[in-house]
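# Summary of the model geometry
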Amino acid sequence: MSRALSRFSSFSIGLKLHSKDGVAWIFKLQRGGMSFNLPITLCTSVDPRWTIIASSLSILIDETIGKMINGLNSRIKANSRETSKKIADELENMIKNARIQKNLMSKQAAVKKEAEEKSDGLIIVSATYFCDGGDTLDVSTQLQFWVLKSSLRLPATSKCTMLGFYNVCATFEPPREETKSLDASHSSISSFIDLIRSLLHMKRTCVSSIVPKAILRIRYKWKKSIYEISVQDDEPLVLPSPSALKLGAHDRVS
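Residues take numbers from 1 onward in each chain, read along the sequence in its written order. Given that this is a predicted model, residues contribute local features only at a pLDDT of at least 70 and side-chain atom pairs are listed and counted only at 80 or more, while totals for whole chains, interfaces and linings are drawn from all residues. No hydrogens and no water enter the side-chain calculation; it runs on all heavy atoms of the structure.

## Some words on the overall build of the protein chain
Secondary structure elements follow DSSP: runs of H or I no shorter than four residues count as helices, runs of E no shorter than two count as strands, and numbering proceeds from the N terminus. Tallying secondary structure elements over the protein chain gives 3 helices and 11 strands in all. When the helices and strands of the protein chain are placed in sequence order, the string is β-β-β-β-α-β-β-α-β-α-β-β-β-β. Residue contacts are defined here by distance: any two heavy atoms, one from each residue, within 4.5 Å place the two residues in contact. Within the protein chain, contacts between residues at least 6 apart in sequence are counted, and of these 57% link residues at least 24 apart. Approximately 16,300 Å² of the protein chain is accessible, and the part contributed by carbon and sulfur atoms is 56%. All accessibility values rest on the Shrake-Rupley procedure with a 1.4 Å probe; residue burial counts only the protein chains present in the view.

## What about the sheet that holds strand β9 (residues 225-232)?
Across the sheet, 5 strands lie side by side as β6-β5-β8-β9-β11; this open sheet has antiparallel pairing. Two strands in the sheet have a free side with no partner beyond their single neighbour: β6 (136-138) and β11 (245-249). Between one strand axis and the next, the sheet turns by 15° as a mean value, whatever way the strands run. The criterion for strand pairing is that DSSP finds at least two bridges linking the strands in question. With 4 bridges connecting them, β9 and β11 associate as antiparallel partners. From the neighbouring strand, Tyr227 faces β11, where its bridge partner is Lys246. Axis definition: a line fitted to C-alpha atoms, limited for helices to the stretch in contact. Angles are taken between N-to-C directions and run from 0 to 180 degrees.

## Observations regarding the pattern of salt bridges
When a carboxyl oxygen of Asp or Glu is within 4 Å of a side-chain nitrogen of Lys or Arg, the pair counts as a salt bridge. Summed over all chains, the structure comprises 4 salt bridges. In this structure, the salt-bridge partner of Lys213 is Asp234, at a minimum N-O distance of 2.8 Å. One end of the pair, Lys213, is in the loop between α3 (192-199) and β8 (215-222); the other, Asp234, is in the loop between β9 and β10 (237-239), with 21 residues separating them in the sequence. Each residue gets one of three labels from its accessible area relative to the maximum for its type: buried under 20%, exposed over 50%, partly exposed in between, using a 1.4 Å probe on protein chains only. Residue class for Lys213 comes out partly exposed when judged on its relative accessible area of 48%.

## Some points on the side chain of Glu116
Here Glu116 lies in helix α1 (residues 48-118). A positive count includes Lys and Arg, and a negative count includes Asp and Glu. His and the chain ends are not counted in either. Buried charge without a salt bridge: Glu116, with Lys112 as the nearest opposite-charge side chain at an N-O distance of 7.9 Å. Look past the residues within four positions of Glu116 in its chain and what remains in contact with it is Gly121, Leu122, Ile123, Gln144, Val147, Lys149 and Ser150.

## Some thoughts on the packing of aromatic side chains
By convention, a stacked pair of Phe, Tyr or Trp rings (six-membered ring in the case of Trp) has centres within 6.5 Å and planes under 30 degrees apart, an edge-to-face pair has planes over 60 apart, and any other such pair is tilted. Counted by the stated rule, this structure contains 3 aromatic pairs. Each ring, one from Tyr129 and one from Phe165, has its centre 5.1 Å from the other, and the planes form 70°; the classification is edge-to-face. In this pair, Tyr129 sits in strand β5 (residues 123-130) while Phe165 sits in the loop between β7 (152-154) and α3, placing the two residues 36 residues apart along the sequence. Judged by relative accessible area, which is 1%, Tyr129 ranks as buried. Here Phe165 falls in the buried class, since its relative accessible area comes to 4%. We count a charge as sitting over a ring when the NZ of a lysine or the CZ of an arginine lies within 6 Å of the ring centre and within 35 degrees of the ring normal. Over the ring of Phe145 we find Lys112, and its NZ or CZ is 5.4 Å from the ring centre. Sitting over the face of the ring of Trp222, Lys223 holds its NZ or CZ atom 5.1 Å from the ring centroid.

## What to know about the environment of Thr128
In this structure, Thr128 sits in strand β5. Residue classification places Thr128 among the partly exposed positions, given a relative accessible area of 28%. Note: C-alpha distance between Thr128 and Ile218 (90 residues apart in sequence) is 6.5 Å. In contact with Thr128, other than residues within four places in its own chain, are Thr136, Leu137, Val139, Ile215, Leu216 and Arg217.

Written as structure tokens, this is what we have:
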């Protein structure tokens, strides 16, 4: 009897009958191109009684493992749904709070923009806070709000904690490897080793995924010229910046 544990692994139970070696119970774990066999000798002669007992126990073990896997998968799915809902609710609150904060900042940002226009100072033309595979947020108003005397300075910390911002990488989902189902309604766990660890209430092994960092991209006007610069989420930002790319005169750049 064989049971698929994942796309690349399976677990099987069988009997080996030999006139010299007797009756042996064979447990086999196969993963990819590797396999591990564990033979257990039940008796040194071919005894029909042991054959019947071993066959019956094999069926019982296989059914028990199947029920345990299905139970584990049900709990995993329930926990996953609960966690997903909690994350979705938290994200919704973050977006809502950022929107409210932006609205509160907009009036003062407009006043500062008008003052900077008169002095030919620092104008935030456009600013985008985004994450590859995540969200994109327009933060032009938020950054103009923080302009002080034709200068903008942001520390070397994540911008998601600033007023009017939120964690745009919170919606990032790494690609998942498809796995075969153990039955029609339940997906398999990653491997037999994971199954044993779960049964023993041990921490499951997981592969950490690399979550991309958010990027802040800004186009600004300074002294009648348009500049553009991008910084990583945890990098400091000072505008005007000598590192910014000069795109040209403001009346020639769309």
